[in-house]
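# Summary of structural features
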Amino acid sequence: MANDKIILKAEDLDGYLTSEDMADLQKLEVMFKETMKSFDPVDEEKIINGYDKMGHEMQEICKKHPGIKVYSFVTEEGAHAEASRVISKLRDIKTNHQEFMYYSQRAYEMLFRMAYTDQHSDKKGHMIVKTPVDFPVQNYAVHKIPDIDDKIENTAVCVMLRGALLPSMIMSKEIEEYSSHGYKTPFALFKISRNDTKNESNMEYIMDLNKSFFKLEDLDGKDLIFADPMNATGGSLVTVVKYLQSQGVKPKSIAFFNTISTLKGSIRVTRALENCTCYTLWLDPVMNEKAYIMPGLGDAGDRLNGCDTKEAPRNMIQLIADYGHNISGLYKSQLYEIEKIVLG
């Protein structure tokens, strides 16, 4: 890999939006600004009514976008309380680092189920498990699991940002767990950062190829999985995928997993990329002028991994070391795959 940095200019993703899309997004913008009037001083009844109306409006809009799968819109009603509770804990300013990791793991396990097992066919596989009970003879148990090998055993996991590392490992482990053959996903690690001197209309992303680790042949023809806690503009995903395509990679499909996404970001991504599906646990209505999600949950990467200093930013390997023994032991297969791509 060359020792240089490349500037990836984000496309004008609004160019992919239809006039109907723009009208839908403008309507939500007006609804959110009206709801914000109840934030200071806090008027709980008006806030609840405002969010309730926006939720129903977003649900109607998403019916027009089959590539956008929102947990509370597509799962049975009994599952919605879990999603609300997990998201509320992730949003809460009082939630500490360890809790944030715990609820992030729950979020991605829920997203995996939504994408791969909730809508599966009646086809079943069997797991025969050797148990610790060996008297009077060695004992075994049989468990049925959905047969989703055709959906998961061609996947490759792409990590765009440091905040996406742990969610990506969680998705990879879920795939290994449900695979009949113990399939371990290949990984691609991209060192990409947003140029914060730019705004949404002229956004640039900087990819440091010297600190990125990927093999194009491991990605070509694969079902690519991107797991980023937040999807605001959709620009980073579209930019990375367009770069890979320019290098000859032809993905079979693209799945984008987010804890929280803006409606605009989800629409842009599914409009801009062929055969792309956005799976999100929760949909937020708008972004502010700095392209931050509102109401959002802050910087998910910092809350998940802790903050770096400008003088000593951590790379992926240092970040894994900071996760500690418990995380390393839990995701040992995934860490081995990451070490292979980083260390050769």
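As the structure is a prediction and not an experimental result, all values here were calculated from the model. (Residues numbered from 1 in each chain as written. Predicted model: local features only at pLDDT ≥ 70, side-chain atom pairs only at ≥ 80, totals over all residues. Heavy atoms only, no water.)

## Things to note about the overall build of the chain
Under the convention used in this document: Helix and strand assignments come from DSSP, with helices taken as H or I runs of at least 4 residues and strands as E runs of at least 2, each series counted from the N terminus. Between the two quantities, the radius of gyration covers C-alpha atoms and the globule rule is 2.2 Å times the number of residues to the power 0.38. Any pair of residues with heavy atoms lying within 4.5 Å of one another is described as a contacting pair. Only the protein chains shown count as cover for residues, and the accessible areas themselves come from Shrake-Rupley with a 1.4 Å probe. We treat Lys and Arg as the positive residues and Asp and Glu as the negative residues; His and chain ends play no part in the count. Each charge is placed at NZ for Lys, CZ for Arg, CG for Asp and CD for Glu.
When its secondary structure is counted, the chain shows 13 helices and 14 strands. Here the chain has a C-alpha radius of gyration of 21 Å; the compact-globule value for 344 residues is 20 Å, and the two agree. Its C-alpha atoms give the chain principal-axis dimensions of about 70 × 50 × 35 Å. Within the chain, counting contacts between residues at least 6 apart in sequence, those at least 24 apart form 71% of the total. Surface accessibility of the chain: about 17,700 Å² in total, with carbon and sulfur atoms responsible for 51%. Seen as two clouds, the 42 positive and the 51 negative side-chain charges of the chain have centres 1 Å apart.

## Notes on the pattern of salt bridges
Should the charged atoms of two oppositely charged side chains come close, the side chains can pair. Which entries qualify depends on this criterion: Definition used for salt bridges: Asp or Glu carboxyl oxygen within 4 Å of a side-chain nitrogen of Lys or Arg. Classification of residues uses two cut-offs on accessible area relative to the type maximum, computed with a 1.4 Å probe and protein chains only: under 20% is buried, over 50% is exposed, and between them is partly exposed.
Scanning the model with the defined rule gives 15 salt bridges in all. Close ionic contact of arginine 268 with aspartate 14 constitutes a salt bridge, the shortest N to O distance being 2.9 Å. Within this pair, whereas arginine 268 is found in helix 10 (residues 263-272), its partner aspartate 14 is found in the loop between strand 1 (5-9) and helix 1 (19-36), the two being separated by 254 residues in sequence. On the basis of relative accessibility, which here comes to 4%, the residue arginine 268 falls in the buried class.

## Digging into the packing of aromatic side chains
Our working rule: Two aromatic rings from Phe, Tyr or Trp, using only the six-membered ring of Trp, form a pair when their centres are within 6.5 Å; if the ring planes differ by under 30 degrees the pair is stacked, by over 60 it is edge-to-face, and anything between is tilted.
For the coordinates displayed, the defined rule picks out eight aromatic pairs. Ring geometry for phenylalanine 32 versus tyrosine 51: centroids 6.4 Å apart, planes at 75°, classification edge-to-face. Of this pair, phenylalanine 32 sits in helix 1 while tyrosine 51 sits in helix 2 (residues 44-62); the two residues are 19 residues apart in sequence, bridging distant segments of the chain. The class for phenylalanine 32 is buried, based on a relative accessible area of 2%. Judged by its relative accessible area of 29%, tyrosine 51 falls in the partly exposed class. An angle of 40° between the planes, with centres 4.8 Å apart, marks the rings of phenylalanine 190 and phenylalanine 214 as tilted. With a gap of 24 residues between them, phenylalanine 190 in the loop between strand 6 (187-189) and strand 7 (192-194) and phenylalanine 214 in the loop between strand 8 (204-208) and helix 8 (216-219) connect regions that are remote in the sequence.

## So, the nonpolar core
Test applied: We call a set of buried Ala, Val, Leu, Ile, Met, Phe, Trp, Tyr and Cys residues a nonpolar core when their side-chain atoms join them within 4.5 Å.
Judged by nonpolar contacts, the single largest core of 57 residues is most densely connected at Tyr116, Leu165, Phe257 and Leu281. A per-element tally of this core places helix 5 (residues 97-117) first, with eleven residues. Grouped together as the second largest cluster of nonpolar side chains are 28 residues, Phe190, Ile192, Leu224 and Ala272 included.

## Quick notes on the pairing of strand 11 (residues 253-262)
Each regular strand carries side chains that alternate between the two faces of the sheet. Cut-off, in case you're wondering: For two strands to be treated as a pair, DSSP must find no fewer than two bridges joining them. Here, the term right-handed applies to a crossover whose path from the first strand over the helix to the second runs clockwise when the strands point away from the viewer.
Most of strand 11 sits inside the fold, with ten of its ten residues counted as buried. Of the strand pairs in this sheet, strand 9 (residues 223-227) and strand 11 are connected by five bridges, and their pairing is parallel. What sits directly across from alanine 227, in strand 11, is phenylalanine 257. Pairing between strand 10 (residues 230-231) and strand 11: two bridges, direction parallel. Note on strand 11: the bridge partner recorded for methionine 230 is isoleucine 260. This β-α-β element, strand 10 to helix 9 (residues 235-246) to strand 11, shows right-handed connectivity. As defined by bridge partners, strand 11 adjoins strand 12 (residues 276-284) across eight bridges and the pair is classed as parallel. Following the sheet pairing, isoleucine 254 is matched in strand 12 by cysteine 276. Crossover strand 11 to strand 12 through helix 10 is right-handed.

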